[in-house]
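# Descriptive structure summary
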Amino acid sequence: MNNTSPTSLLDEALQRHLAGMDPDAALALRETLCAVARACVRISDVASLGVLADAHGLAGASHVHGEEQKRLDLIADDLMAASLEGCRHVAAWASEEHEQPHVSHAHGAQGSHLVVFDPLDGSSNIEANISIGTIFSVLPHRYRGMAPGAADFMQPGHQQIAAGYVLYGPATLMVLTCRRGVLVFGLDRRGDAPQWVLTYDNVRIAEHTREFAINASNQRFWEKPIQRYVAECVAGDSGPRMKDFNMRWVASMVAEVHRIMTRGGVFLYPRDTREPRKPGRLRLMVEAAPMALLVEQAGGRATNGTSELLDLVPDTLHQRVPVILGSKDEIDRIVSYHADPSENVSWQLFKTRSLFVQPQA
Ligand code: F6P
Ligand code: MN
């Protein structure tokens, strides 16, 4: 790799980071991650040009979830596919934009990795020039010698070899885990060629927080444990938590998770009763599982309320799940609310219990 490649510094950093790993496995992982990172440089270019690159607006089609696809969704998807096709270690990939996985023409049987991705997360924010992202996950291709099918992708999140996201915000950042903690790379465009430069090598999510993120317009559809948690946060200083909370909602999961990486917090897209056949909005394989690995590697926790997200075995490529992740103390609390149905009471009741009565000044 020459030094004008946008991934030469990334590759050097990964060489150091993966020291001690089986050399062939480490080389394969570096090459796969560099293929993803190269595609994301191109996505960042197009995203930053926006309307100048004719990248805004609807594409005129819908994907498997029935949502309208944006032009940038499809451009990002094509850029990822082209880059992965060129990587000898990638046997197949699955994208949020396609019903079925795509087997690499050249490397389908021999590649050691399956890559799963959401090419453009937070699409509703594209035209508003609000942060968007790409989410990716690397799984093992367990049956080398055979081209993988959809069933080969049905692996629980704890099997992921690596996971990450790229945030296209004021800065373009890649946040990555290879199960050895969480690294952050910034895309430095000051030289002749853009470069991914390591900026943090051990991200830790604050255990305590006073910040939560949820789409409150769905409140009437939430289940009781979530009603209780949010009511207690909103009650603030005068409720059982005896402290004020702040609320945020960007509507780009990548941006929400990145805020949690930097200063702690909780992100909830819980189960709701809007559409009983859809137990959540977010997709297990392209969103929940990779974010769960990142969050856990940074010392946080990720659950659907009753099970760890990393333990869920997908039934289908596009399965949706409730997602609750972030600072460990808060997630422990939310899990305890789910575990104890008798506790599903309004926070006002707690005012009467001595344990929760605010000390008199
Ligand atoms: O990819 C789904 C997504 O765009 C997430 O990035 C984001 O967290 C969520 O949907 C936003 O949902 P809503 O439209 O309900 O605010
Ligand atoms: Mn998404």
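Look up: the structure comes first, before these words.
Treat the numbers as computed from the prediction; the structure is a model and nothing was measured. (Residues numbered from 1 in each chain as written. Chains lettered and ligands numbered in written order. Predicted model: local features only at pLDDT ≥ 70, side-chain atom pairs only at ≥ 80, totals over all residues. Heavy atoms only, no water.)

All right, on to the coordination of the manganese ion (ligand 2) then. By definition of the ideal shapes, four donors in a tetrahedron about a metal sit 109.5 degrees apart, and six donors in an octahedron sit 90 or 180 degrees apart. All of the protein donors around the manganese ion (ligand 2) are Asp-118 (OD), Asp-121 (OD) and Glu-287 (OE); their distances to the metal are 2.0 to 2.2 Å. Within one chain, the residues serving as donors to the manganese ion (ligand 2) are arranged as D-x2-D-x165-E. Of the two residues, Asp-121 sits in strand 5 (residues 113-121) while Glu-287 sits in helix 6 (residues 284-297), which places them 166 residues apart along the sequence. (Donors = N, O, S within 2.8 Å, 3.2 Å for Na, K, Ca; no water. Helix = DSSP H or I, 4+ residues; strand = E, 2+ residues; numbered from the N terminus.)

The subject of this paragraph is the sheet that holds strand 6 (residues 132-140). Read from one edge of the open sheet, 8 strands run 4-3-5-6-7-8-9-10, paired in mixed fashion. Every interior strand has two partners, whereas the edge strands, strand 4 (102-103) and strand 10 (195-200), have only one. The pairing of strand 7 (residues 162-168) with strand 8 (residues 172-177) spans 6 bridges and is classified as antiparallel. The residue bridging Tyr-165 from the neighbouring strand is Val-175, located in strand 8. The sheet strands contacting helix 2 (residues 23-49) are strand 3 (90-95), strand 5, strand 6, strand 7, strand 8, strand 9 (182-188) and strand 10, and the helix crosses strand 6 at an angle near 165 degrees. Along the sheet face, helix 5 (residues 253-263) touches strand 5, strand 6, strand 7 and strand 8 and points at about 105 degrees away from the line of strand 7. (Pairing = 2+ DSSP bridges. Contact = heavy atoms within 4.5 Å. Axes fitted to C-alpha atoms, helices over the stretch in contact; angles between N-to-C directions.)

Look at Glu-287 and you get buried, because its relative accessible area is 2%. At a separation of 2.8 Å, a polar atom in the side chain of Glu-287 contacts the main-chain amide nitrogen of Arg-283. Residues contacting Glu-287, with those up to four places away along its chain left out, are Glu-96, Asp-118, Asp-121, Ile-135, Met-253 and Leu-282. (Buried < 20%, exposed > 50% of the residue type's maximum accessible area, 1.4 Å probe, protein only. Polar contact = N/O pair within 3.5 Å; in protein donor to acceptor, adjacent residues only side chain to side chain.)

It is worth spelling out helix 1 (residues 8-17) at this point. What helix 1 keeps buried is the set Ser-8, Leu-10, Asp-11, Ala-13, Leu-14 and His-17. Among the structural elements, helix 2, strand 8, strand 9 and strand 10 are those in contact with the buried residues of helix 1.

So, about the site of ligand 1. Lining the immediate surroundings of ligand 1 are 13 residues, of which Asp-121, Asn-215, Met-253, Tyr-269 and Glu-287 lie closest. Between ligand 1 and the protein, one listed contact pairs an oxygen atom with a backbone N or O atom of Met-253 at 2.8 Å. For ligand 1, whose free accessible area comes to 400 Å², the fraction covered by protein is 85%. Where the shell around ligand 1 is concerned, the elements lending two or more residues are strand 13 (266-269) and strand 14 (282-283). Of the residues assigned to the shell around ligand 1, the class counts are 6 nonpolar, 3 polar and 4 charged. (Near = heavy atom within 4 Å. Areas by Shrake-Rupley, 256 points an atom, 1.4 Å probe, with all protein chains shown as cover. Nonpolar A, V, L, I, M, F, W, Y, C, P; charged D, E, K, R; others polar.)

The next thing to look at is helix 7 (residues 328-339). A rise of 1.5 Å per residue sets the reference length of helix 7, with its 12 residues, at 16 Å; its end C-alpha atoms lie 16 Å apart and thus fit the reference within 8%. Where helix 7 is concerned, the buried positions are Glu-330, Ile-331, Ile-334, Val-335, Tyr-337 and His-338. For helix 7, the angular spread of buried residues about the axis comes to 155 degrees, placing them on one side. Those residues of helix 7 that are buried are in contact with helix 4 (224-235), strand 13, strand 15 (301-303) and strand 17 (323-326). (Expected span 1.5 Å × (residues − 1). Arc of directions from axis to C-beta.)

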